[in-house]
Amino acid sequence: MEINLVSDTVTRPGHEMLQQMFRAKVGDDVYKQDPTVNELEDTVASLFGMEAALFFPSGSMANQTAIKLHTNPGDELICDKWAHVFNYEGGGVAFNSGVSSRLIDGNRGMITAQQVVDAINPPDFYHSPLTSLVCIENTTNKGGGACYDLQTLMEIGEVCKANNLKYHLDGARLWNALVAKRQHPKQFGQLFDTISVCLSKGLGAPVGSLLVGSKEHIHKAMRIRKVFGGGMRQAGYLAAAGLYALQNNVGRLEEDHRRAKQLGNLLQQLPWIDKVEPVETNILIFSLKPQIDEKAFMEKLKQKNIFISSLGKNKLRIVTHLDYKEVMHNYVIETLSKMVF
Ligand SMILES: *Cc1c(COP(=O)(O)O)cnc(C)c1O
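Note that the coordinates shown come from a computational prediction; the quantities given were computed from them, not determined experimentally. (Residues numbered from 1 in each chain as written. Predicted model: local features only at pLDDT ≥ 70, side-chain atom pairs only at ≥ 80, totals over all residues. Heavy atoms only, no water.)

**Re helix α7 (residues 150-162)**
Between its terminal C-alpha atoms α7 stretches 18 Å, which fits the 18 Å expected from 13 residues at 1.5 Å a residue. Among the residues of α7, those classed as buried are L150, T152, L153, I156, G157, V159 and C160. In this structure, the buried side of α7 is in contact with α6 (113-119), β5 (131-137), β6 (166-171) and α9 (185-189). Following α7 by one or two positions, N164 adopts a phi angle in the positive range, close to 60°. (Helix = DSSP H or I, 4+ residues; strand = E, 2+ residues; numbered from the N terminus. Expected span 1.5 Å × (residues − 1). Buried < 20%, exposed > 50% of the residue type's maximum accessible area, 1.4 Å probe, protein only. Contact = heavy atoms within 4.5 Å.)

**Some words on the pairing of strand β13 (residues 315-319)**
Taken across its five residues, β13 has four buried, putting it largely inside the fold. Pairing between strand β10 (residues 283-288) and β13: five bridges, direction antiparallel. What sits directly across from I283, in β13, is V319. (Pairing = 2+ DSSP bridges.)

**Some thoughts on the state of the cysteines**
Taken as a whole, this structure holds zero disulfides when the rule is applied. A disulfide-free cysteine, C79 has its sulfur positioned 6.2 Å from the sulfur of C135, the nearest such atom. As a non-bridged cysteine, C160 has C135 as the owner of its nearest cysteine sulfur, 9.7 Å distant. (Disulfide = S-S within 2.5 Å.)

**Some details on the pattern of salt bridges**
Taken as a whole, this structure holds 16 salt bridges when the rule is applied. In this structure, D149 engages K181 in a salt bridge whose closest nitrogen and oxygen atoms are separated by 2.9 Å. Of the two residues, D149 sits in the loop between β5 and α7 while K181 sits in helix α8 (residues 174-181), which places them 32 residues apart along the sequence. If you follow the salt bridges from partner to partner, you end up with D29, K32, E41 and R225 in one network. (Salt bridge = Lys/Arg side-chain N within 4 Å of Asp/Glu carboxyl O.)

**Some words on the packing of aromatic side chains**
All chains considered together, the criterion is met by six aromatic pairs. Judged by centre distance (5.3 Å) and plane angle (50°), the rings of W272 and F297 are tilted. Taken together, the residues W272 in the loop between α12 (253-268) and β9 (273-276) and F297 in helix α13 (residues 294-303) connect sequence positions 25 residues apart. Note on accessibility: W272 and F297 belong to one class, buried. Taking the ring centre of W82 as reference, the NZ or CZ of K81 above it sits at 4.7 Å. The lysine or arginine in question, R225, covers the ring of F56, its NZ or CZ lying 5.9 Å from the ring centre. (Phe/Tyr/Trp six-rings, centres within 6.5 Å; stacked < 30°, edge-to-face > 60°. Lys NZ or Arg CZ within 6 Å of the ring centre and 35° of its normal.)

**Concerning the domain arrangement of the protein**
Split by domain assignment, the protein resolves into domain 1 (3-8 + 252-338) and domain 2 (15-249). Taken together, the contacts link 15 residues of domain 1 with 26 residues of domain 2. Interface area for domain 1 against domain 2, summed over the two sides, is near 1,600 Å², with a carbon-plus-sulfur share of 49%. The largest contributions to the domain 1 side of the interface with domain 2 come from D8, L253 and E280, which together make up 36% of the buried area. At the surface where domain 1 touches domain 2, the tally comes to three salt bridges. In this structure, R108 and E280 form a salt bridge, with 3.0 Å as the shortest nitrogen-oxygen distance. At the junction of domain 1 with domain 2, the criterion picks out eight residue pairs in polar contact (both at pLDDT 80 or more). Mapped by element, the contributors of at least two residues to the side of domain 1 that touches domain 2 are α12, β10 and β13. The dominant element in the side of domain 1 that touches domain 2, judged by the number of residues it contributes, is α12, at three residues. Taken together, the residues of the side of domain 1 that touches domain 2 break down into five nonpolar, three polar and seven charged. (Domains from an automatic or database assignment. Buried area = accessible area lost by both parts, 1.4 Å probe. Polar contact = N/O pair within 3.5 Å; in protein donor to acceptor, adjacent residues only side chain to side chain. Nonpolar A, V, L, I, M, F, W, Y, C, P; charged D, E, K, R; others polar.)

Below you can see the structure in the form of structure tokens.
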């Protein structure tokens, strides 16, 4: 039995999800004639109280489409220094949109309204790039699954309005935040111009993300998705997995959060641990004492069939998910407790 805690993207579709995929009614989605994709898009749009949604093969493509949508070449966007859009989308901000990124030194991947104010270039000062977009990430990935307070997001939204900036949310793990903070998707729909959400992380679908926004934005997004090569044909088989995930796998994220917190509490008590970051959702980031070699530690875990990932500099990451079951959890707790150096 392999226990993969490297990411919540490692889940495989279960029997029931596969059955729903098999049974999906499909059509050509490039002609908007796939009933299951249309149903998924309508479902997610109304969940957020927004006009429209568009299905994407990946979260990166949904984010990159939003960035293209909201900017012109030469503009600048504002995001945290750890943001996925800047660090893990292959330089797409520059490549796809010709846009520069103003990085903010946030707290666990989260930024404040004042930091945004300070990062805006004066629009009439034509020597600087024109600031046109703020990108938020919730929950934060590299920030260890931290979640924003709505208050902060509202304050940043006000700054955006006052300065004519567009406001995009990278909500790859927004489902985790909604469950952990008991927030409602409509509260986010009211705030942002566009929101991207992933079905293939905590929700356990094999493929798929959506971009949600106004009819006008999503209409433009369709052309950009086409340019990026993201128009899919009988994508309803994939959308069916997404619908299944939304119906069955949102509430249970609480279990992932509980297990991540339990692991965090355990690690806190172990003598070879230097620091455990606060655990809010399903991501747990911790550091080993400097004298412990991170490669050797990971190798030791590997021999016990437990796989985790390194963030460098003795920082490690564990992500809990749908396929990490209670028996595995008990085994991991026992294994970690018994480790000595
Ligand atoms: C996973 C992730 C994405 C999207 O990634 P894809 O692998 O392209 O689906 C976007 N933002 C964050 C914060 C993520 O963790």
